[in-house]
Amino acid sequence: MAKRKLLGLLGFGTGVVAGGLLYRRSAGRRHERVDVYFADGSMVSFVDGSPEAEKLLPLARTALAAARR
């Protein structure tokens, strides 16, 4: 019975560590995107690398930099 509990705790601990590493790995990546919201409640998201984002991201960066001052 003690071996079973130990194995369970070891499995749980391994899962927690693996989950933490995966979370840190995905959070470390910086993905830029532009979300455009419309008056009717709809939204379009343009990811970095798309032609639309290439036009909008420099404007968004400038606006964010001005807002942080």
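The coordinates are above.
Here the structure is a predicted model, which means the values were calculated and not measured.

The rules behind these values
- Residues numbered from 1 in each chain as written.
- Predicted model: local features only at pLDDT ≥ 70, side-chain atom pairs only at ≥ 80, totals over all residues.
- Heavy atoms only, no water.
- Helix = DSSP H or I, 4+ residues; strand = E, 2+ residues; numbered from the N terminus.
- Buried < 20%, exposed > 50% of the residue type's maximum accessible area, 1.4 Å probe, protein only.
- Pairing = 2+ DSSP bridges.
- Salt bridge = Lys/Arg side-chain N within 4 Å of Asp/Glu carboxyl O.

Engineer: Mind laying out the environment of alanine 65, listing which residues take part and the relevant values?
Structural biologist: Tracing the backbone shows alanine 65 in helix H2 (residues 51-68). According to the relative accessible area criterion, alanine 65 is partly exposed, its value standing at 34%.

Engineer: Run through the pairing of strand E2 (residues 43-47), naming residues and quoting values.
Structural biologist: Two elements, strand E1 (residues 33-37) and E2, share five bridges in a ladder whose sense is antiparallel. Note on E2: the bridge partner recorded for tyrosine 37 is methionine 43. Remark: five residues form the turn of the hairpin made by E1 and E2, two consecutive strands paired antiparallel; glycine 41 in that turn has positive phi of roughly 95°.

Engineer: Outline the environment of proline 58, supporting the account with residue identities and numerical values.
Structural biologist: Relative to the elements of secondary structure, proline 58 occurs in helix H2. Given a relative accessible area of 39%, proline 58 falls into the partly exposed group. Counting along the chain gives 17 residues from proline 58 to glycine 41, while the straight-line C-alpha distance between them is 25 Å.

Engineer: Would you mind going over the pattern of salt bridges in detail, with residue names and values included?
Structural biologist: Following the criterion strictly, the structure yields two salt bridges and no others. With a closest N to O distance of 2.6 Å, arginine 61 and glutamate 32 form a salt bridge. With arginine 61 in helix H2 and glutamate 32 in the loop between helix H1 (2-28) and E1, this residue pair connects regions lying 29 residues apart in the sequence. The exposure class assigned to arginine 61 is partly exposed, which follows from its relative accessible area of 41%. We note a salt bridge from aspartate 35 to arginine 33, for which the minimum N-O separation is 3.3 Å.

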